[in-house]
Amino acid sequence: MKHYDLVIVGGGPAGLAAAVSARDNGIESILIIERDKELGGILNQCIHNGFGLHTFKEELTGPEYAARIVAQVLERGIEYKLNTMVMDISADKKITAMNREDGMFEVEATAVILAMGCRERSRGALNIPGYRPAGIFSAGTAQRLVNMEGYMPGREVVILGSGDIGLIMARRMTLEGAKVKVVAELMPYSGGLKRNIVQCLDDFNIPLKLSHTVIDIEGKNRVEAVTIAEVGPDRKPIPGTEERYTCDTLLLSCGLIPENELSKSAGVSLNPVTSGPVVNDSLETNIDGIFACGNVLHVHDLVDYVSQEASTAGKNAAAYIKNGSSKDAKIVEILPVDGVRYTVPKYVRPTEMDDTLTVRFRVGAVYKNCSIATYFDDELINRRKRPVMAPGEMEQVILDKKKLGEYPDLSKITIKIEENA
């Protein structure tokens, strides 16, 4: 069985950035395994701009951003396998994979980085009544059809869900000549970035109806019409608010789910809120030497943050490969309360962490004129005012190692949303 110091599962922006970082930190024996026919992941179909402002200090399209990271991987001569599906990862870091050339094969690794990304929530998970006609696509599938395959999914479109891909596809379909009738969102707030609502809906006069959902799909062979209705606080349709739209296409943009079937088979603990692994400050899971980064860990809003996180995972995996585990270090839990849904990481080791640690999280509702408060045990350490916070945008708190060192008996860190006086 061939042995690698580091095996990275996934060749999207997270896997590539992690590989580059690990190589730059002295690890020579690296293998990236990617199931698609090219590196770059989902970025290859995201032909809109808005990528790279943090990482490359200029605005790029998805394929341009991917090309830059792929070039960094190729420059360093990092080994990768395409069209290769990982079937299983064991707790002792044996990876079973399969492709046409090698058949079923196994490799061993000293460390593994999980970078499998995320998938879209399917129609089956949404419980929409009606027949199962042609013309119902997830927004990401439609994006691939239009941008990479050269197919037009339909001409009259209704979109359910206001995630970023749905908002971007509202604009994309309009630019390709389709008529986007409405974007309906179950929640009382949008799931996407504010800039995407402005640039993709407002600029094209596409209505966004919050607290609305699809209650009926008409058509047996092809979608013919969709009925939406307003929902109450219990998210159940309100009788008498129904609106019918004739259309031939329904796009679903109802959230992304981290792709963690392999993580489960390896015994990795998952956070029920994010559906991603529970990690410490080095992005290491509960399994020694298995790290996670990018959208498999939690769904990010910007790919630049994916790259930053993945670089950290690569650096920490390199340190693990060279020095082994530091499992006996003191662990402090970060508690998300009062509007903070989760934190990544969930645990911090004050003696082992870098000089600063970025803790990322999302809020559970729209908050205006509030602050993000950080407590060490019951002592307020930091309050940062935020004019507005929404679930569609990630927030962050930066922890300082020196400051943590002043609290040797610290038992917990609490991050919460507080109203401004």
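You'll find the structure just up there.
Residues numbered from 1 in each chain as written. Predicted model: local features only at pLDDT ≥ 70, side-chain atom pairs only at ≥ 80, totals over all residues. Heavy atoms only, no water.

**Section: helix 1 (residues 13-24)**
Here's step 1: An ideal rise of 1.5 Å per residue puts 16 Å on twelve residues; helix 1 measures up with 17 Å between its terminal C-alpha atoms.
Here's step 2: Judged by how many residues are buried, helix 1 sits mostly within the fold: eleven of twelve residues are covered.
Here's step 3: Of the residues making up helix 1, those classed as buried are Pro-13, Ala-14, Gly-15, Leu-16, Ala-17, Ala-18, Ala-19, Val-20, Ser-21, Ala-22 and Arg-23. (Helix = DSSP H or I, 4+ residues; strand = E, 2+ residues; numbered from the N terminus. Expected span 1.5 Å × (residues − 1). Buried < 20%, exposed > 50% of the residue type's maximum accessible area, 1.4 Å probe, protein only.)

**A word on the pattern of salt bridges**
Here's step 1: A complete count under the given rule lists 22 salt bridges for this structure.
Here's step 2: The shortest N-O distance in the salt bridge between Arg-23 and Glu-28 comes to 3.9 Å.
Here's step 3: Given the relative accessible area of 13%, Arg-23 is considered buried.
Here's step 4: Residue classification places Glu-28 among the exposed residues on the basis of a relative accessible area of 56%.
Here's step 5: In this structure, Asp-338 engages Lys-416 in a salt bridge whose closest nitrogen and oxygen atoms are separated by 4.0 Å. Here Asp-338, found in the loop between strand 20 (332-336) and strand 21 (347-348), pairs with Lys-416, found in strand 26 (residues 412-419); they are 78 residues apart in sequence, far enough to count as distant.
Here's step 6: Because the salt bridges share partners, they merge into one network encompassing Arg-35, Arg-119, Glu-259 and Glu-261. (Salt bridge = Lys/Arg side-chain N within 4 Å of Asp/Glu carboxyl O.)

**Quick word on the pairing of strand 25 (residues 395-400)**
Here's step 1: Residues of strand 25 alternate between two faces, with Glu-395, Val-397 and Leu-399 buried on one and Gln-396, Ile-398 and Asp-400 left unburied on the opposite face.
Here's step 2: Summarising the sheet, strand 22 (residues 356-361) and strand 25 pair through six bridges and their orientation is antiparallel. Each residue of the ladder has a partner; that of Arg-360, found in strand 25, is Gln-396. (Pairing = 2+ DSSP bridges.)

**Structural notes on the packing of helix 1 against helix 2 (residues 62-75)**
Here's step 1: The geometry of helix 1 relative to helix 2 is characterised by a closest axis approach of 9 Å and an angle of 35° between their N-to-C directions. The chirality of how helix 1 crosses helix 2 is left-handed. Between helix 1 and helix 2, the residues in contact are Pro-13, Leu-16, Ala-17 and Val-20 and Ile-69, Val-70, Gln-72 and Val-73, respectively.
Here's step 2: The residue makeup of the contact of helix 1 with helix 2, split by class, is seven nonpolar, one polar and no charged. (Axes fitted to C-alpha atoms, helices over the stretch in contact; angles between N-to-C directions. Left-handed = near helix turned anticlockwise from the far one by under 90°. Contact = heavy atoms within 4.5 Å. Nonpolar A, V, L, I, M, F, W, Y, C, P; charged D, E, K, R; others polar.)

**Re the sheet that holds strand 17 (residues 249-252)**
Here's step 1: Sheet architecture is open: five strands sit in the order 10-17-11-12-13, paired in parallel fashion. Each having just a single partner strand, strand 10 (136-138) and strand 13 (208-210) make up the two edges of the open sheet. The sheet shows a mean angle of 20° between the axes of neighbouring strands, direction not considered.
Here's step 2: With three bridges joining them, strand 10 and strand 17 adopt parallel strand pairing. Across the sheet, the residue bridging to Phe-137 is Leu-251, located in strand 17.

**A look at the side chain of Glu-395**
Here's step 1: Relative to the elements of secondary structure, Glu-395 occurs in strand 25.
Here's step 2: By relative accessible area, which is 6% here, Glu-395 ends up buried.
Here's step 3: In this structure the side chain of Glu-395 is engaged in a polar contact, spanning 2.9 Å, whose partner is the side chain of Arg-386.
Here's step 4: Here Glu-395 is in contact with Val-359, Arg-360, Phe-361, Ile-372, Arg-386 and Met-389, once residues within four sequence places are set aside. (Polar contact = N/O pair within 3.5 Å; in protein donor to acceptor, adjacent residues only side chain to side chain.)

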